[in-house]
Amino acid sequence: MKKLLLGILFIMIILTGMYFLTTAGDSTTSENNAIYVIDEQVVEKYLSEEVMNSNFGGEIFVAYEILETDKNEGEIYLWALIQEYYEEGEALQTGSGMSVPIVLSVSVHNNDSLEVLNHSLPRDGTYYSEDIKEMFPKKIQSKILGYSSNDIGDLIEEMENKVKENY
């Protein structure tokens, strides 16, 4: 009985050690590595003005989910829904739009103000998954590659609320 208990204890110690060894390098963002001050207005302004153009003369609205941040790299990893809305007669129409993962390169100044310097988008088609693996931290790649219609539905709902407030 004593040998059985020692054997179980030994196996539990080995499994615990293996767990910590395999997950220790998996996280690219720790609390010390996170960008804490994210000014949503700065991010929204950048996304609505720099990522997509208005093709119908309408107003661009944005909803996004921050997936991860990396202070050392100066990057914010997010999924953005960007949609143009314009009036045609008395009806509100949707124009150009995109739903895409984005890497924002940022700088956080001494006064904690955020400046978005530029952005990167994955290429379409056969390059998409290759670009996701190159551009995004390993721990969020599966979330991006499996980003569901439920996730996008939440962003659509958020965006529709913003549109209702403005029209």
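All of these numbers come straight from a predicted model, not from anything done at the bench.

Visitor: Hey, could you go over the overall build of the protein for me, with residue numbers and the actual values?
Guide: Across its full length, the protein carries five helices and four strands. Going from N to C terminus, the protein has its helices and strands arranged as α-α-β-β-β-β-α-α-α. Residue burial in the protein is summarised as follows: out of 167 residues, 34% are buried. Relative to all contacts within the protein whose residues are 6 or more apart in sequence, the contacts with residues 24 or more apart total 56%.

Visitor: Could you give me a rundown of helix α5 (residues 149-166), with the residues and numbers involved?
Guide: An α-helical turn contains 3.6 residues, so any two residues separated by three or four positions project in the same direction. If you check α5, its first and last C-alpha atoms are 25 Å apart, about what 18 residues at 1.5 Å a residue would give, namely 26 Å. Within α5 the residues assigned to the buried category are L155, M159, K162 and V163. Viewed end-on, α5 has its buried residues packed into an arc of 100 degrees, placing them on one side of the element. Away from the buried face of α5 by more than 90 degrees, exposed residues S149, N150, D154, K164 and E165 are located. The elements touched by buried residues of α5 are α2 (40-51), β1 (59-70), β2 (75-88) and β3 (91-108).

Visitor: Lay out the pattern of salt bridges in plain terms, naming residues and giving numbers.
Guide: Counting across every chain of the model gives seven salt bridges. Note that K162 and E44 form a salt bridge whose closest N and O atoms lie 2.8 Å from each other. Pair noted here: K162 is in helix α5 and E44 is in helix α2, with a separation of 118 residues, a long-range link. Its relative accessible area of 17% is what places K162 among the buried residues. A relative accessible area of 25% places E44 in the partly exposed class.

Visitor: Help me get a handle on the confidence of the model for the protein, residues and values and all.
Guide: When pLDDT is averaged along the protein, the result is 85, and 78% of the positions lie at 70 or above. Within the protein, helix α1 (residues 2-24) has the poorest average pLDDT of any element, 50, and helix α3 (residues 128-135) the best, 97. With pLDDT under 50 throughout, residues 19-30 is counted as low confidence; its partners more than four residues away or in other chains account for 11 contacts.

Visitor: Residue-level account of the packing of α3 against helix α4 (residues 138-145), with values.
Guide: Their axes nearest at 9 Å, the elements α3 and α4 cross at an angle of 150 degrees. When the interaxial angle is binned, α3 and α4 end up roughly antiparallel. Where α3 crosses over α4, the two elements pack in a sense that is right-handed. Contacts between α3 and α4 involve Y128, S129, I132 and K133 on the former and, on the latter, Q141, I144 and L145.

Visitor: Give me the lowdown on the nonpolar core, citing residues and values where you can.
Guide: Counting 18 residues, the largest nonpolar core has L47, L78, I82, I102 and L104 as its most contacted members. Secondary-structure elements contributing two or more residues to this core are α2, β1, β2, β3 and β4 (114-120).

Visitor: Which residues make up the sheet that holds β4, and what are the values?
Guide: Spatially, the four strands line up as an open sheet ordered β1-β2-β3-β4, and their pairing is antiparallel. Every interior strand has two partners, whereas the edge strands, β1 and β4, have only one. The average undirected angle you get between the axes of adjacent strands in this sheet is 35 degrees. Relative to β1, α5 is tilted by about 140 degrees, and along the sheet it contacts β1, β2 and β3.

Conventions we followed
Residues numbered from 1 in each chain as written. Predicted model: local features only at pLDDT ≥ 70, side-chain atom pairs only at ≥ 80, totals over all residues. Heavy atoms only, no water. Helix = DSSP H or I, 4+ residues; strand = E, 2+ residues; numbered from the N terminus. Buried < 20%, exposed > 50% of the residue type's maximum accessible area, 1.4 Å probe, protein only. Contact = heavy atoms within 4.5 Å. Expected span 1.5 Å × (residues − 1). Arc of directions from axis to C-beta. Salt bridge = Lys/Arg side-chain N within 4 Å of Asp/Glu carboxyl O. pLDDT = per-residue confidence, 0-100. Axes fitted to C-alpha atoms, helices over the stretch in contact; angles between N-to-C directions. Parallel < 35°, antiparallel > 145°, perpendicular 65-115°, else oblique. Left-handed = near helix turned anticlockwise from the far one by under 90°. Core = buried A, V, L, I, M, F, W, Y, C linked by side-chain atoms within 4.5 Å. Pairing = 2+ DSSP bridges.

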